[in-house]
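Architecture and fold: a report
What follows is the residue order along each chain.
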Amino acid sequence: HVMDVMTVTETWGEGRFGRTEVIDNTLNPDFVRKYILDYFFEEKQNLRFDLYDVDSKSPDLSKHDFLGQTFCTLGEIVGSPASRLEKPLGGIQGKKCGTIVLSAEELSNCRDSATMQFCANKLDKKDFFGKSDPFMVFYRSNEDGTFTICHKTEVVKNTLNPVWQPFTIPVRALCNGDFDRYNAASPYSLNLLILSLHDFIGDFTTSYRELARGQSQFNVYEVSLHSSNNTSVTLLSFSVESEFTFLDYIKGGLTDWLIGNPSQSTSLHYMNPYQLNAYAMALKAVGEIIQDYDSDKMFPALGFGAKLPPDGRVSHEFPLNGNLENPYCNGIEGILEAYHQSLKTVQLYGPTNFAPVVNHVARYSAAVQDGSQYFVLLIITDGVISDMAQTKEAIVNGAKLPMSIIIVGVGQAEFDAMVELDGDDIRISSRGKLAERDIVQFVPFRDYMDRTGNHVLSMARLAKDVLAEIPDQFISYMKSRGIKPNPAPPPYTPPGHTHHHTLI
């Protein structure tokens, strides 16, 4: 029989988020109502969707028939092809409950930037011994009738017919997304002979929409009796470019992320049967979030600083699963299993060299520089490093490639060398050459340990901080190479439907 269906969405830890409308008499509802959520790449945002057959107008869910539920993270939806995730419904033992299709769409937030150039003609003479030194100031009108300065051109010296340099400004700075909001653009004269006082020449009003439509000639209102009647400002050029975001690349088909997990020699590897050690907690905290953006959930996991069986050869670049031909592990649980097995078979041993594993990931990323893949190397370390110069050189070279490096320090050692590799205060360099981008983020795990022993909270705090810079690092690479997102696939249309309403 057909049903009157409704979806209830909850964000774990925050309670019920909202309900869709009720779709009458159908087994294949297509919901219209959307949920607006704040998306954070660096956080694990858990969601639950419950479906009900609505039998009355009662708001009490216990009065309606439960049809099934599913769990996922917001990252899973965003990281799916075209940001569309299909999940089976469960929750009723022994019964198939059907499927639910979840789609995410980034709200347009006026991300465009406008590039424009102006010139003026026959401005009023303001200098006693010369002409004028004009520049233009743009003011954005506010909702309360006041004005806020949003741009100032350079000064063009000693002229009544200035041509200002082209400039680029975010559209939201010009009009805050209101294309018909008027801006007052006021030519001033900066006169150094009278102690840099601003002499007013004139002004005019326009809007972003007028500029975008090609309005190019503006008459300037003059207050001086000495000025001519045909003073004007001309818009010489105007263009708009969209600023791409992290989500644009994800939904356009970024195919793979690579997570490497090097481990090294220290008693911090001790495996307590009742809880994860610091290495495993750091890996799980970061990996469980970033794996949502990998298409096949297969990750190469590498170790360094150990003697390998059977001959005791020291290696700084060995597969944790012992398979040289195929070092890939299935998901974060697969990496953890390989890590625990490797501790039983290898002998932890120094020195501690970072450069081989950084170069290993660099070789992967150097082969795929078209924007289709991005590589994230997670290094978990006790802070000891034996090849600082070589590691710096590897990072400087890696800064040209589609890769980022996360370093998590475990234990109570000093991490001065790791702070230096981070390069937040002083950009890392090698042989006199600065890194093209900042690609390293370092944090000491001890700073995130919850005093009450709540490891879940500790891991969430850690992940939030170490992953926060990844989207900006990703965008900086794409912009530096002029790579634009692939066009998003067409919206999903359910069978028998002519349109699709997105559910976020």
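First things first, this report covers the structure right here in the doc. (Residues numbered from 1 in each chain as written. Predicted model: local features only at pLDDT ≥ 70, side-chain atom pairs only at ≥ 80, totals over all residues. Heavy atoms only, no water.)

Side note on the overall build of the protein
A tally of helices and strands in the protein yields eleven helices and 30 strands. The buried share of the protein, taken over its 504 residues, is 50%. Sequence-distant contacts in the protein: of pairs separated by 6 or more residues, those separated by 24 or more amount to 69%. Here the protein displays about 25100 Å² of accessible surface, and carbon together with sulfur accounts for 51% of that area. (Helix = DSSP H or I, 4+ residues; strand = E, 2+ residues; numbered from the N terminus. Buried < 20%, exposed > 50% of the residue type's maximum accessible area, 1.4 Å probe, protein only. Contact = heavy atoms within 4.5 Å. Areas by Shrake-Rupley, 256 points an atom, 1.4 Å probe, with all protein chains shown as cover.)

Description of the environment of Asn 323
Positionally, Asn 323 belongs in the loop between β23 (318–319) and β24 (328–330). On the accessibility criterion, Asn 323 (32% relative accessible area) is partly exposed. Within the structure, the side chain of Asn 323 is placed 3.0 Å from the backbone nitrogen of Glu 325, a separation counted as a polar contact. (Polar contact = N/O pair within 3.5 Å; in protein donor to acceptor, adjacent residues only side chain to side chain.)

Description of the nonpolar core
Most often, soluble globular proteins keep nonpolar side chains buried together rather than apart. Among the nonpolar cores identified, the biggest contains 61 residues, and Ile 406, Val 408, Phe 445, Leu 462, Val 466 and Leu 467 are the most heavily contacted of them. The biggest single contributor to this core is helix α5 (residues 278–290), with ten residues. With residues up to four places along the chain from it excluded, the contact list for Val 466 reads Val 286, Ile 406, Val 408, Gln 441 and Val 443. (Core = buried A, V, L, I, M, F, W, Y, C linked by side-chain atoms within 4.5 Å.)

What about the packing of aromatic side chains?
Following the criterion strictly, the structure yields seven aromatic pairs and no others. Look at Tyr 52 and Phe 66: their rings are 5.7 Å apart centre to centre, the planes differ by 65°, and that puts the pair in the edge-to-face class. Taken as a pair, Tyr 52 in strand β4 (residues 46–53) and Phe 66 in strand β5 (residues 65–73) lie far apart in primary sequence, 14 residues in all. Judged by relative accessible area, which is 10%, Tyr 52 ranks as buried. A relative accessible area of 28% means that Phe 66 is categorised as partly exposed. (Phe/Tyr/Trp six-rings, centres within 6.5 Å; stacked < 30°, edge-to-face > 60°.)

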